[in-house]
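Residue-level structural notes
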Amino acid sequence: MTKIAAVIGGGVIGGGWAARFALNGWNVQVFDPDPQAERKIGEVMANARRSMPGLTDVALPDEGKISFHDSISDAVQDTSWIQESVPERLEIKHTTFGAIQQACDPDAVIGSSTSGFKPSELQDGMARPDQIMVAHPFNPVYLLPLVELVPGNGIDGPLVDKAKETLTSIGMYPLHLKKEIDAHVADRFLEAVWREALWLVKDGVATTEEIDNAIRYGFGIRWAQMGLFETYRVAGGEAGMKHFMAQFGPALKWPWTKLMDVPEFNDDLVDLIAGQSDEQSGAYGIRDLERIRDNNLVSMMRALKQQDWGAGRLMKQHEATLRVGTVLDARADDIADASQPVLTVRRAVPLDWTDYNGHMTEAKYLQAFADATDRFMELIGCDADYIASGGSYFTAETHIRHVDEVHAGALIEIRTRVLMGAGKKMHLWHEMYEGDRLLATGEHFLLHVSLQTRKPSNPSPEIEAALVRFAQGHASLPMPEGVGRFVGAPR
Ligand SMILES: NC(=O)C1=CN([C@@H]2O[C@H](COP(=O)(O)OP(=O)(O)OC[C@H]3O[C@@H](n4cnc5c(N)ncnc54)[C@H](O)[C@@H]3O)[C@@H](O)[C@H]2O)C=CC1
Ligand SMILES: C[N+](C)(C)CC(=O)CC(=O)[O-]
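What counts as what
Residues numbered from 1 in each chain as written. Chains lettered and ligands numbered in written order. Predicted model: local features only at pLDDT ≥ 70, side-chain atom pairs only at ≥ 80, totals over all residues. UniProt positions renumbered as here; feature names shortened; annotations may be inferred. Helix = DSSP H or I, 4+ residues; strand = E, 2+ residues; numbered from the N terminus. Buried ≥ 20, exposed ≤ 12 C-beta atoms within 10 Å, placed from the backbone. Contact = placed C-beta atoms within 7 Å. Expected span 1.5 Å × (residues − 1). Arc of directions from axis to C-beta. Core = buried A, V, L, I, M, F, W, Y, C linked by C-beta atoms within 7 Å. Domains from an automatic or database assignment. Pairing = 2+ DSSP bridges. Axes fitted to C-alpha atoms, helices over the stretch in contact; angles between N-to-C directions. Near = placed C-beta within 6 Å. Nonpolar A, V, L, I, M, F, W, Y, C, P; charged D, E, K, R; others polar. Parallel < 35°, antiparallel > 145°, perpendicular 65-115°, else oblique. Left-handed = near helix turned anticlockwise from the far one by under 90°.

Under an unreviewed UniProt entry, the protein chain has the name L-carnitine dehydrogenase and belongs to Sulfitobacter marinus. Recorded in UniProt for the protein chain, the comment headed Catalytic activity (unreviewed entry) runs: "carnitine + NAD(+) = 3-dehydrocarnitine + NADH + H(+)".

1. Some points on the overall build of the protein chain
The secondary structure content of the protein chain amounts to 16 helices and 13 strands. In terms of its C-alpha atoms, the protein chain occupies a principal-axis envelope of roughly 80 × 55 × 45 Å. The proportion of buried residues among the 491 residues of the protein chain is 32%. Restricting the contact set of the protein chain to residue pairs at least 6 apart, pairs at least 24 apart contribute 71%.

2. Observations regarding helix H4 (residues 90–103)
Here H4 is 14 residues long and its end C-alpha atoms lie 20 Å apart, about the 20 Å a rise of 1.5 Å per residue gives. Within the span of H4, buried status applies to Lys93, Thr96, Phe97, Ile100 and Gln101. The arc that holds every buried residue of H4, seen down its axis, measures 130°, which confines them to one face. In H4, the exposed positions angled more than 90 degrees off the buried face are occupied by Glu91 and Gln102. Close packing links the buried residues of H4 with strand E1 (4–8), helix H3 (72–75), strand E4 (81–84), strand E5 (109–112), helix H5 (119–123) and strand E6 (132–137).

3. Concerning the UniProt feature "binding site: NAD(+)" (unreviewed entry) in the protein chain
Following the UniProt record, the feature "binding site: NAD(+)" (unreviewed entry) maps to Gly9, Gly10, Gly11, Val12, Ile13 and Gly14 here. With respect to the secondary-structure elements, Gly10 resides in the loop between E1 and helix H1 (12–23). When you line up the elements, Ile13 lands in helix H1. Owing to 25 C-beta atoms within 10 Å, Ile13 belongs among the buried residues under this scheme. Apart from the residues lying within four places of it in its own chain, the contact partners of Ile13 are Ser85, Ser113, Pro137, Asn139 and Val141.

4. Considerations on the UniProt feature "domain: 3-hydroxyacyl-CoA dehydrogenase C-terminal" (unreviewed entry) in the protein chain
Mapped onto this numbering, the UniProt entry annotates "domain: 3-hydroxyacyl-CoA dehydrogenase C-terminal" (unreviewed entry) at residues 185–251. Overall, residues 185–251 shows 78% helix and 0% strand. The separation of its end C-alpha atoms is 23 Å.

5. A closer look at the nonpolar core
Counting 93 residues, the largest nonpolar core has Ile8, Ala18, Ala19, Val28, Val30 and Ile82 as the members making the most contacts within it. Looking at which domains feed residues into this core, each of domain 1 (4–183) and domain 3 (325–474) gives three or more. Sequence-distant contacts of Ile82, defined by excluding residues within four places in its chain, comprise Ala6, Ile8, Val76, Ile100, Cys104, Ala108 and Ile110.

6. A closer look at the environment of Asn458
Inspection of the secondary structure puts Asn458 in the loop between strand E13 (437–450) and helix H16 (461–474). Taking C-alpha positions, Asn458 is 13 Å from Tyr386, a pair spaced 72 residues apart along the chain. Excluding anything up to four places from it in sequence, Asn458 contacts Gly423, Lys424, His448 and Glu464.

7. Considerations on the sheet that holds strand E11 (residues 411–422)
Across the sheet, which stays open at both edges, the five strands sit in the order E9-E11-E12-E13-E10 with antiparallel pairing between neighbours. With partners counted over all chains shown, the strands left at the sheet margins are strand E9 (342–348) and strand E10 (391–402), one partner each. Averaged over all adjacent pairs, the angle separating strand axes in this sheet is 25°, with direction ignored. As judged from the eleven bridges shared by E10 and E13, these two strands associate in the antiparallel manner. If you follow Arg401 over to E13, its bridge partner there is Thr441. Across the sheet, H16 lies against E11 and strand E12 (425–434), angled at about 100° from E11, the strand it touches most.

8. Focus: the site of ligand 1
Taken together, 24 residues surround ligand 1, and among them Gly9, Gly11, Ile13, Asp34 and Ser115 come closest. The biggest single contributor to the shell around ligand 1 is H1, with three residues. Looking at the shell around ligand 1 residue by residue, the classes come out as ten nonpolar, eleven polar and three charged.

9. Here's the deal with the packing of H1 against helix H2 (residues 37–51)
Remark: H1 packs on H2, axes separated minimally by 9 Å, with the N-to-C direction vectors making an angle of 50°. Taken together, the axes of H1 and H2 are oblique relative to one another. The crossing of H1 and H2 is right-handed. Here Gly15, Gly16, Ala18, Ala19 and Leu23 of H1 come into contact with H2, specifically with Lys40, Ile41, Val44, Met45 and Ala48. A per-class count over the contact of H1 with H2 returns seven nonpolar, two polar and one charged.

10. Remarks on the site of ligand 2
Near ligand 2 you find Ser115, Phe138, Asn139, Asp187 and Leu190, and these make up its full shell. Along the lines of polarity and charge, the residues of the shell around ligand 2 split into two nonpolar, two polar and one charged.

11. Quick notes on unusual backbone geometry
Here the bond from Asn139 into Pro140 is cis, since omega is 0°, no more than 30 degrees from zero. Checked against the element boundaries, Pro140 lands in the loop between E6 and strand E7 (146–150). We note that Asp78 has phi near 65°; this positive angle belongs to a residue other than glycine. Inspection of the secondary structure puts Asp78 in the loop between H3 and E4. Classification of Asp78 by C-beta neighbours within 10 Å gives exposed; the count is 12. Positive phi is not limited to glycine here, since Arg454 has a value of about 60°. Residue position: Arg454 is located in the loop between E13 and H16. Judged by local crowding, Arg454 falls into the exposed class, with 9 C-beta atoms found within 10 Å.

Following this line, the structure appears as structure tokens:
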């Protein structure tokens with residue numbers, strides 16, 4: 001049954017939540033008094049559709065429906081998750097929670113996107129205080145996995161477990177804070193940095209652009225992959241963290257920073273910062289900047305996934321859950337009918353697979369077909385354990401035909417057919433589709449090898465039997481157009 005979430009307040013953050021839930025297959029019911037809310041969420045959805053599905057190498061569930069409602073009581077009907085994302089004003093949050101609790105299921109989680117309020121402040125005076133918890137996300141909510149989950153001091157139990165389970169199921173990382181504090185963890189940190197940056201601009205030490213450069217050319221990249229403490233451990237060299245602290249601890253007292261002072265937040269400071277920011281980034285519209293940001297984030301997170309590290313490892317774990325119970329997780333014996341081509345890839349085209357022509361770049365067709373071959377190998381039993389035991393397949397020849405264009409975010413499928421499979425030889429034919437539109441074909445000839453001798457060798461009897469079963473099953477299919485084609489003048 002499709003799960004339903006409510007999003008109350010559909011601005012920058014509510015729109016991001018709507019996209020995160022909908023692209024993970026949830027229906028989303030939105031309430032926002034702004035007549036422009038539907039248009040704004042539509043624009044967020046367009047960016048999210050282009051970027052988020054390509055984070056994983058397996059397709060997300062079918063997109064859920066987003067509907068717009070005239071009242072909070074309508075929007076929260078039948079929902080198991082309600083995300084409040086109204087402006088950061090305690091009185092507005094209280095009125096909103098009151099209306100939500102009058103109409104919602106008492107077992108639904110009510111998450112608040114608040115950047116700074118403690119859960120006890122949000123819960124104060126509410127009918128069922130424990131139902132409300134901070135679920136503080138990071139912009140863009142549809143790409144960044146972190147959500148600070150603060151249920152309130154000492155509060156734990158089934159609703160908190162349900163909250164963690166739900167957030168994990170939509171690809172997020174719930175950081176469960178056991179102690180409430182103004183602005184949770186990450187925003188305290190960000191505010192400290194922001195305050196310091198405001199001083200640097202106000203004192204004329206650096207412009208907004210120079211400060212951004214200090215971050216993005218150096219420690220910002222480091223933080224994205226190791227955070228603060230692990231980075232400093234490495235900076236301590238062989239002697240590690242203790243040496244690092246001995247060396248830089250005293251600087252805290254000199255002090256280098258002005259963290260406890262707040263620069264006077266007057267018009268002069270606002271004009272100074274806003275003016276420098278216009279000079280730095282005014283050439284781009286906000287949607288352009290969002291797209292640039294999304295391209296960068298997706299590329300960085302996919303690189304981390306390749307390294308199985310940090311946010312990338314989290315994505316990998318989420319991806320594994322998307323395969324479970326699908327044909328992409330099956331073994332040959334699970335497939336009762338071996339007479340049809342097998343689905344070997346079902347994924348979205350990621351942003352970093354596109355090129356200057358605005359479509360999927362040629363190298364990535366080979367990547368997609370290589371993934372299809374790897375998956376077919378796994379299906380017939382040539383999996384990681386088998387490869388570790390010393391047998392594998394090497395590709396000897398490849399021929400790719402590019403039939404039609406495909407763009408970032410599009411859902412592609414590859415179906416694989418065995419043209420010949422016997423002994424050491426495996427001749428595969430992959431067809432790549434978007435819907436029923438043929439995009440490309442890949443013809444690949446592989447040889448089974450011994451990884452010790454690096455020479456052709458026979459596969460295990462189980463692998464050969466599975467291969468032969470598909471080869472025989474596919475033999476009665478009509479020969480696909482393009483098999484054996486070559487590049488050059490007709491022979
Ligand atoms: N913008 C950011 O970077 C982040 C903001 N947050 C938090 O998310 C919450 C929302 O912030 P933003 O989305 O940035 O603000 P926003 O101003 O973009 O959106 C707020 C939305 O709430 C709607 N709204 C106003 N009164 C309402 C009511 N009574 N009922 C329902 N909707 C109502 C507005 O029409 C608007 O669309 C705040 O608590 C904020 O602290 C959290 C993480 C990051
Ligand atoms: C500036 N902010 C306090 C609203 C930021 C956040 O709450 C989180 C974020 O996305 O940086």
